[in-house]
Amino acid sequence: MDDARAAAESVFRRESGRIIASLIRISGSFDRAEEAMQEAFASALAAWAAGGLPENPAAWIMAAAHRKLIDAARREQTRRERIDAVRYEMETFRAPPEPELETNAMHFPDDRLRLIFTCCHPALNTEAQVALTLRTLGGLTTPEIAKAFLVPEATLAQRLVRAKRKIQEARIPYETPPAHRLPERTAAVRAVIYLIFNEGYAAAAGCELVRSDLCDEAIRLGRLLCELQVEGGLQPARGFSLAPAGGTEVPRGLKSALQAESIALLALMLLQHSRRNARVVNGQLITLEDQDRSRWDQAAISEGLELTEAGLRLGPVGPYQLQAAIAALHARAATPAETDWPQIAALYGKLLQLNPSPVVALNQAVAVAMTGAIQDGLREIEKLGQDRALESYYLFHAARADLLWRLGRNAEAAEAYGRASELAANRIEREFLERRRSAVSLRSQ
């Protein structure tokens, strides 16, 4: 039973997104597809424990889930056309005649590209997009998602129910969007994936700063998006074409731009997450400047650097490409002193042109200060503080405090660190800021 359970869990993590995507297309329902897949996995536990593992467990699950859909259709007296459609899928993709039989390959199409666009449809709010993406493509359970985002399980469950109902009531199509909608819709998909990563990279609240499980899941989804863009025809080098229903083939330049930003997102996440083992040591936050760089994941850095260069070569420079380039400069620096801060400041300047947000402006000001022009950087930060847009952003106060401390203005730095600590919701970050406040307070006496 232990071997069967381990095999089922492994298949679920690896293949549940692919399986559920196909089942949703066949059944037309998130709920029916999830129920069929869950019943198939339950059947697998019993059958595999008794008769051993099949040659291809994922194909076994898919065949069993197909049969569950037919059984459900019969019980619910669904239209004959729906039953015939499921049978046609089984015959077309040559599922084994009985779930107990093995098969050498999974003969069903990859519908995950359509599913990820459905989960991230603009008619759904961001919270629903994140929850639905993790539940369907990520294979995370409702309790796992609720725990990750620090919301009650009942709240998360209601969020999922409302999202599925919205898809059904609004008749949101289960399809890759037409060509003219691809840029905005793909951007939404990337935003959801990066939001998941950021929650894992720096948890907004709670007692853990780094949630590696969420970071790993976001990176996996980022890889999936890149793979699906290739398989779906968004990669010009492979000679595919994408002609969604009702649309025309995606222009070659647009394909490059879409693929470039997705590759850059994956590179950015790999480079940032490569520092995970050095960011928190013995429960304490370690800043980038003070990290033991021998603890950085060199394999992730190598892949991230390669992907960054590939993304920059593919198409016009976009926000994720610029952020990946910044992360690459940090990753290449063997010591803090070797960091190319002038280039980082210049890249933030370009990013600010594309995305004129106060947070990007704050990062640019810090980069300017780190070139040695601390007064200039602080002056820019003080300007940002005048309109109070960042007043409730703890990193604004933390950055200001750091520059004040570097200038020897310790009393002002202590006050700014105190304000940052008050606003920080994460315990590890709050404790770090409190230690800094105490240290500079002593120096000001």
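Residues numbered from 1 in each chain as written. Predicted model: local features only at pLDDT ≥ 70, side-chain atom pairs only at ≥ 80, totals over all residues. Heavy atoms only, no water.

### A look at the overall build of the protein
Check the secondary structure of the protein and you find 20 helices and two strands. Residues classed as buried in the protein amount to 50% of the 445 residues present. Accessible surface, the protein: about 20600 Å² in total, of which carbon and sulfur atoms supply 50%. (Helix = DSSP H or I, 4+ residues; strand = E, 2+ residues; numbered from the N terminus. Buried < 20%, exposed > 50% of the residue type's maximum accessible area, 1.4 Å probe, protein only. Areas by Shrake-Rupley, 256 points an atom, 1.4 Å probe, with all protein chains shown as cover.)

### Some remarks on the nonpolar core
Core analysis: the largest hydrophobic core is formed by 85 residues, its most contacted members being I61 and I193. Beyond its immediate sequence surroundings of up to four residues, I61 is in contact with V11, I19, A40, F41, A44 and W48. In terms of nonpolar packing, the next biggest core, distinct from the first, is built from 28 residues, L384, L390, Y417 and A424 among them. (Core = buried A, V, L, I, M, F, W, Y, C linked by side-chain atoms within 4.5 Å. Contact = heavy atoms within 4.5 Å.)

### Some remarks on helix α18 (residues 394-406)
Helical geometry note: an α-helix holds 3.6 residues per turn, so side chains three or four residues apart project in the same direction. Compared with an ideal rise of 1.5 Å per residue, which puts 13 residues at 18 Å, α18 spans 19 Å between its outermost C-alpha atoms and is within 8% of the ideal. With 10 of 13 residues buried, α18 lies mostly within the body of the structure. After α18 finishes, the residue G408 shows a positive phi value of roughly 80°. (Expected span 1.5 Å × (residues − 1).)

### Considering the packing of helix α1 (residues 2-27) against helix α5 (residues 112-119)
The interhelical angle for the contact between α1 and α5, taken along N-to-C directions, is 80°, at an axis separation of 9 Å. What the angle tells us is that α1 and α5 run roughly perpendicular. Facing G17, R18, I20, A21, I24 and R25 of α1, the residues of α5 in contact are R112, R114 and L115. Taken together, the residues of the contact of α1 with α5 sort by class into four nonpolar, one polar and four charged. (Axes fitted to C-alpha atoms, helices over the stretch in contact; angles between N-to-C directions. Parallel < 35°, antiparallel > 145°, perpendicular 65-115°, else oblique. Nonpolar A, V, L, I, M, F, W, Y, C, P; charged D, E, K, R; others polar.)

### Quick look at the pattern of salt bridges
By the definition in use, this model includes 20 salt bridges. The residue E289 makes a salt bridge to R406 at a minimum N-O spacing of 2.7 Å. Of this pair, E289 sits in the loop between β2 (284-285) and α13 (298-314) while R406 is found in helix α18, placing the two residues 117 residues apart along the sequence. For E289, a relative accessible area of 38% translates into the label partly exposed. The exposure class of R406 is partly exposed, given its relative accessible area of 29%. By sharing partners, the salt bridges in this structure join E289, D290, D402, R406 and R436 into a single network. (Salt bridge = Lys/Arg side-chain N within 4 Å of Asp/Glu carboxyl O.)

### A short note on the confidence of the model for the protein
For the protein, per-residue confidence averages 83 on the pLDDT scale, and 84% of positions sit at 70 or higher. Within the model, the stretch residues 94-109 combines pLDDT values under 50 with 40 contacts to residues more than four positions away or in other chains. (pLDDT = per-residue confidence, 0-100.)

### Some words on helix α3 (residues 57-75)
With 19 residues, α3 should cover 27 Å at 1.5 Å per step; its first-to-last C-alpha distance of 27 Å lies within 8% of that length. Judged by how many residues are buried, α3 sits mostly within the fold: 14 of 19 residues are covered.

### Comments concerning the packing of helix α6 (residues 126-136) against helix α9 (residues 182-201)
Remark: α6 packs on α9, axes separated minimally by 10 Å, with the N-to-C direction vectors making an angle of 80°. Our classification of the angle between α6 and α9 gives roughly perpendicular. Taking contact as the criterion, the partners of T126, Q129, V130, T133 and L134 in α6 are, on α9, V192, L195 and I196. Classifying every residue of the contact of α6 with α9 gives five nonpolar, three polar and no charged.

### Topic: unusual backbone geometry
Positive phi is not limited to glycine here, since R171 has a value of about 55°. Even without glycine at this site, N282 takes up a positive phi of about 55°. Here N282 is to be found in the loop between β1 (280-281) and β2.

### A word on the environment of I26
As for its position among the elements, I26 is in helix α1. Looking at I26, the relative accessible area reads 3%, which means it is buried. Put simply, I26 and L69 are 43 residues apart on the chain and 8.9 Å apart in space, counted from C-alpha to C-alpha.

### Digging into the packing of aromatic side chains
What the rule picks out here adds up to five aromatic pairs. Both rings, one in W48 and one in W60, keep their centres 5.6 Å apart while their planes meet at 70°; by these two values the pair is edge-to-face. Taken as a pair, W48 in helix α2 (residues 30-51) and W60 in helix α3 lie far apart in primary sequence, 12 residues in all. Of the two residues examined, W48 and W60, each falls in the buried class. Between F197 and Y201, the ring centres sit 5.7 Å apart and the planes meet at 20°, which makes this aromatic pair stacked. Note that F197 and Y201 are positioned in helix α9 at a spacing of four residues, about one turn of the helix. (Phe/Tyr/Trp six-rings, centres within 6.5 Å; stacked < 30°, edge-to-face > 60°.)

### What about the side chain of R279?
With respect to the helices and strands, the residue R279 is situated in helix α12 (residues 276-279). The charged side chain of R279 is buried without a salt bridge, its nearest counter-charge being E429 at 5.9 Å. Looking at R279, its side chain comes within polar contact range of the main-chain oxygen of Y201, at 2.7 Å. Excluding its chain neighbours within four sequence positions, the residues that come into contact with R279 are Y201, A202, L209, V210, Q284, L285, I286 and Q291. (Lys, Arg positive; Asp, Glu negative; His and termini not counted. Polar contact = N/O pair within 3.5 Å; in protein donor to acceptor, adjacent residues only side chain to side chain.)

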